Amino acid sequence: MAAASSSDSDSGLTESNEANSKWLDAHYDPMANIHTFSACLALADLHGDGEYKLVVGDLGPGGKQPRLKVLKGPTVLTENPLPALPAAAAAFLMEQHETRTPALALASGPCVYIYKNLRPYFKFSLPLLPLNPLEQDLWNQVKEDRIDPLTLKEMLEGIREKAEVPLSVQSLRFLQLELSEMEAFVNQHKSKTIRRQTVITSMITLKKNLADEDAVSCLVLGTENKEILVLDPEAFTILAKMSLPSVPVFLEVSGQFDVEFRLAAACRNGNIYILRRDSKRPKYCIELSSQPVGLVRVHKVLVVGSTQDSLHGFTHKGKKLWTVQMPATILTMNLLEQRSRGLQAVMAGLANGEVRIYRDKALLNIIRTPDAVTSLCFGRYGREDNTLVMTTRGGGLIIKILKRTAVFVESTGEVGPPPAQATKLSVPRKTRLYVDQTLREREAGTAMHRSFQTDLYLLRLRAARAYVQALESSLSPMSATAREPLKLHAVVQGLGPTFKLTLHLQNTSTVRPVLGLLICFLYNEALYTLPRAFFKVPLLVPGLNYPLETFVECLSNKGISDIIKVLVLREGHSAPLLSAYVNMPVSEGLEAA
């Protein structure tokens, strides 16, 4: 122990020794058989006796046999089977006047199961979605034996390809069956009423009217139907409903529902949407360059982990503050909050078996584990305030306790203001010209401001007129019409006299392809020659970037260049849809003799 103490006080510690000096190894069971992720872990005082338990929504080995497990210390206290895979778990207070015992909410499939004292209390089911009338009519005909299963399959496949309303789960399962299994499936389900119901993808709690730790909280649900629902904690009715452009997978919320709150939702389209109270649509949008793998709110900063092995910090208005590159793939993220020291940091579990702790972009600590960590949870466990619970990829359970004397110190950078702040600036002396200009501005300040405002308004007016003229004459590289939503970008490569001109043409529509386009080049034939100055464009699928390549030959050796105009037209129309001006570089290459 004396050797360990002297090692802890040494300033030249390695990262592993530093981690050991801050954490106590409480428990490690590589055969715990717990397969879950961070959203399905929760620490709560379920019996009101001050003994905090660990709630685990276990997926089961291979995603089979999902179970709800409650652990007391390292042992499993209770274990109950679940009808579907869990999506999230949370502990919250339902009523203020009752005993201060939190309830347990577990989201699984289309339902939220509420437990009190580890006993089933209530089941909330998501409201049914409207059915496709054609699909409903087909199943009614099957019920009356008017069509056979083979005809039903053909008609359902036609509906699935064209209809705006998706098919129900019953119809989708039917379309996956073999011909020999269809008859039995139809006989089993034709008497049942078809229903279309979405599922829950994420869940989090939101304080209702007080910011206290033991205040009543609402449940916030993200659904596969691209909606966010806020539930009343007592009646479990829907208090608010908000729509998103994509399916939410991670949620973060701050504030109180009755006062003011701000909600951040990371979605499958790679964007993060910010919503506020009484807003049915997102107020801000943060566009990421890759898919998010985690979302944590640290004070007023949104920390996002991406599939590009990096952490990004954003404000709630979408401004990027910092970026930190990780040494391996991020598997999971969660919040570390040490309330006794007022510390909030983000934990990131990596594929190389490390758990890194960051405050903003400063690295505080590294914990190395025998296996890659897939879920993290920090808080009070048992009677210890600062406990870190981790589960590994192989189903193991790791419990570490933060020492009461542990202090996290940033491993990079210096504490306090930067050295440049103490450097004195060389301020020049006030000259006679400076004093005269100051007096003139003081006396004629109003007139100068009016003149500045007049010039500014004229500049804005000219810019608006030029923009309208560019839209009307299709001089912009982006189409302004909703019928042909196109985007054009040109790149020139080479030193000359032969240049490679690549046109990147993209259909920015979401669902409709574009066909029948032409590309035309206008250029000075005395300076340049192209093998094809006019050609057809293939079918443009929405969202894809089509590179169209051609070569430009410079005919002049006088060191001059010109502009090549690229026009995108539709067959049968003379007015271009959009255009781009390509500033050709000066030819620097020499032709071979």
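Residues numbered from 1 in each chain as written. Predicted model: local features only at pLDDT ≥ 70, side-chain atom pairs only at ≥ 80, totals over all residues. Heavy atoms only, no water.

An unreviewed UniProt entry lists the protein chain under the name BBSome complex member BBS1, from Sciurus carolinensis. What the UniProt record of the protein chain gives under Subunit (unreviewed entry) is the line "Part of BBSome complex, that contains BBS1, BBS2, BBS4, BBS5, BBS7, BBS8/TTC8, BBS9 and BBIP10. Interacts with the C-terminus of RAB3IP. Interacts with CCDC28B and ALDOB. Interacts with PKD1." (UniProt positions renumbered as here; feature names shortened; annotations may be inferred.)

## So, the overall build of the protein chain
Regarding its fold elements, the protein chain presents 8 helices and 36 strands. Relative to a compact globule of 593 residues, whose C-alpha radius of gyration would be 25 Å, the protein chain shows 32 Å and is clearly more extended. Dimensions along the principal axes, computed over C-alpha positions, put the protein chain at roughly 90 × 85 × 60 Å. By the burial criterion, 44% of the 593 residues in the protein chain qualify as buried. Taking all contacts inside the protein chain whose residues are at least 6 apart in sequence as the whole, residues at least 24 apart take part in 49%. Computed over 67 positive and 59 negative side-chain charges, the inter-centroid distance for the protein chain is 5 Å. (Helix = DSSP H or I, 4+ residues; strand = E, 2+ residues; numbered from the N terminus. Rg over C-alpha atoms; globule rule 2.2 N^0.38 Å. Buried < 20%, exposed > 50% of the residue type's maximum accessible area, 1.4 Å probe, protein only. Contact = heavy atoms within 4.5 Å. Lys, Arg positive; Asp, Glu negative; His and termini not counted. Charge placed at Lys NZ, Arg CZ, Asp CG, Glu CD.)

## Re the side chain of His312
Mapped onto the secondary structure, His312 falls in strand 20 (residues 310–314). Note on His312: relative accessible area 8%, which makes it buried. There is a polar contact of 2.9 Å between the side chain of His312 and the side chain of Ser310. Non-local contacts of His312, meaning those with residues more than four positions away in its chain, are made with Leu302, Val303, Val304, Ser306, Lys320, Trp322 and Thr323. (Polar contact = N/O pair within 3.5 Å; in protein donor to acceptor, adjacent residues only side chain to side chain.)

## Description of the sheet that holds strand 5 (residues 75–81)
Read across the sheet, 4 strands follow the order 2-3-4-5 without closing on themselves; strand pairing throughout is antiparallel. In this open sheet, the two strands that pair with only one neighbour each are strand 2 (41–44) and strand 5. Averaged over all adjacent pairs, the angle separating strand axes in this sheet is 20°, with direction ignored. Pairing analysis gives 6 bridges linking strand 4 (residues 67–72) to strand 5, with the strands arranged antiparallel. Each bridged residue has a counterpart across the sheet, and for Lys72 the counterpart in strand 5 is Thr75. (Pairing = 2+ DSSP bridges. Axes fitted to C-alpha atoms, helices over the stretch in contact; angles between N-to-C directions.)

## Section: the nonpolar core
By size, the foremost hydrophobic cluster in this structure holds 29 residues, and its most contacted members are Ile519 and Phe521. Excluding residues within four positions of it along the chain, Phe521 makes contact with Leu501, Leu503, Leu530, Arg532, Ala533, Phe535, Thr550, Ile564, Lys565 and Val566. Ala87, Ala90, Ile114 and Leu221 belong to the second-largest nonpolar core, a separate cluster that totals 19 residues. (Core = buried A, V, L, I, M, F, W, Y, C linked by side-chain atoms within 4.5 Å.)

## Looking at the pairing of strand 21 (residues 320–325)
Both strand 20 and strand 21 contribute to a ladder of 5 bridges, which runs antiparallel. Each residue of the ladder has a partner; that of Phe314, found in strand 21, is Lys320. Here strand 20 folds back onto strand 21, and the loop between the two strands holds 5 residues, one of which, Gly318, carries a positive phi near 95°.

## Things to note about the environment of Ser168
For Ser168, the position within the fold is in the loop between helix 4 (149–162) and helix 5 (169–175). Classification of Ser168 by relative accessible area gives buried; the value is 0%. Taking the C-alpha atoms as reference points, Ser168 and Leu129, separated by 39 residues in sequence, lie 9.4 Å from one another. Those residues in contact with Ser168 that sit more than four places away from it in its chain are Leu131, Glu135, Ile194, Arg195 and Arg196.

## Describing the UniProt feature "domain: Bardet-Biedl syndrome 1 protein GAE" (unreviewed entry) in the protein chain
Per the UniProt entry, the sites bearing "domain: Bardet-Biedl syndrome 1 protein GAE" (unreviewed entry) are residues 486–588 in this numbering. Split by type, residues 486–588 is 0% helix and 52% strand. Its first and last C-alpha atoms lie 34 Å apart.

## Here we look at the side chain of Ser587
Within the secondary structure layout, Ser587 lies in the segment after strand 36 (578–583). On the accessibility criterion, Ser587 (18% relative accessible area) is buried. When residues no more than four places from it in sequence are discounted, the contact partners of Ser587 are Leu495, Gly496, Pro497, Phe499 and Cys554.

## Notes on the packing of aromatic side chains
According to the stated counting rule, one finds 7 aromatic pairs in the structure shown. When the centroid spacing of 4.9 Å and the interplanar angle of 15° are considered together, the rings of Phe122 and Phe236 count as stacked. Here Phe236 lies in the loop between strand 12 (227–231) and strand 13 (238–243) and Phe122 lies in strand 9 (residues 119–125), a separation of 114 residues in the sequence. With 5.8 Å between their ring centres and 20° between their planes, Phe257 and Phe261 make a pair best called stacked. Taken individually, Phe257 and Phe261 each receive the classification buried, so the pair is uniform in this respect. Through successive ring pairs, a cluster of aromatic residues spans Trp23, Phe378 and Phe408. The ring of Tyr121 carries Lys116 above its face, with NZ or CZ at 5.3 Å from the centroid. (Phe/Tyr/Trp six-rings, centres within 6.5 Å; stacked < 30°, edge-to-face > 60°. Lys NZ or Arg CZ within 6 Å of the ring centre and 35° of its normal.)

## Here we look at the packing of helix 3 (residues 133–143) against helix 4
Packing of helix 3 against helix 4 brings their axes to within 10 Å, and their N-to-C directions diverge by 175°. Considering the angle they form, helix 3 stands roughly antiparallel to helix 4. Contacts from Leu134, Glu135, Leu138, Trp139 and Val142 of helix 3 reach helix 4 at Leu152, Met155, Leu156 and Ile159. Residue composition of the contact of helix 3 with helix 4, by class: 8 nonpolar, no polar and 1 charged. (Parallel < 35°, antiparallel > 145°, perpendicular 65-115°, else oblique. Nonpolar A, V, L, I, M, F, W, Y, C, P; charged D, E, K, R; others polar.)

## Quick look at the pairing of strand 25 (residues 362–368)
For a regular strand, side chains alternate in direction, first toward one face of the sheet and then toward the other. The element strand 25 is extensively covered by neighbouring structure, given that 6 of its 7 residues are classed as buried. The sheet contact formed by strand 24 (residues 354–359) and strand 25 spans 6 bridges and is antiparallel. Looking at the pairing, Ile357 lines up with Asn365 of strand 25. Two successive antiparallel strands, strand 24 and strand 25, enclose a turn made up of 2 residues, where Asp360 displays a positive phi of approximately 55°.

## Thoughts on the sheet that holds strand 22 (residues 330–338)
The 4 strands lie next to each other as 22-23-24-25, forming an open sheet whose pairing is antiparallel. Each having just a single partner strand, strand 22 and strand 25 make up the two edges of the open sheet. The mean angle between the axes of side-by-side strands here comes to 25°, regardless of whether they run parallel or antiparallel. The pairing of strand 23 (residues 343–350) with strand 24 spans 4 bridges and is antiparallel. Across the sheet, Ala348 pairs through a bridge with Arg356, a residue of strand 24.

## Remarks on the pattern of salt bridges
Taken as a whole and judged by the stated rule, the model has 17 salt bridges. Between Glu213 and Arg339 there is a salt bridge whose closest N-O contact spans 2.9 Å. Highlighted residues: Glu213 in the loop between strand 10 (200–207) and strand 11 (217–223) and Arg339 in the loop between strand 22 and strand 23, separated in sequence by 126 residues. The exposure class of Glu213 is exposed, given its relative accessible area of 59%. Taking relative accessible area as the criterion, Arg339 reaches 53% and is therefore assigned exposed. The partner of Asp436 in a salt bridge is Arg432, with the nearest N and O atoms 3.5 Å apart. (Salt bridge = Lys/Arg side-chain N within 4 Å of Asp/Glu carboxyl O.)

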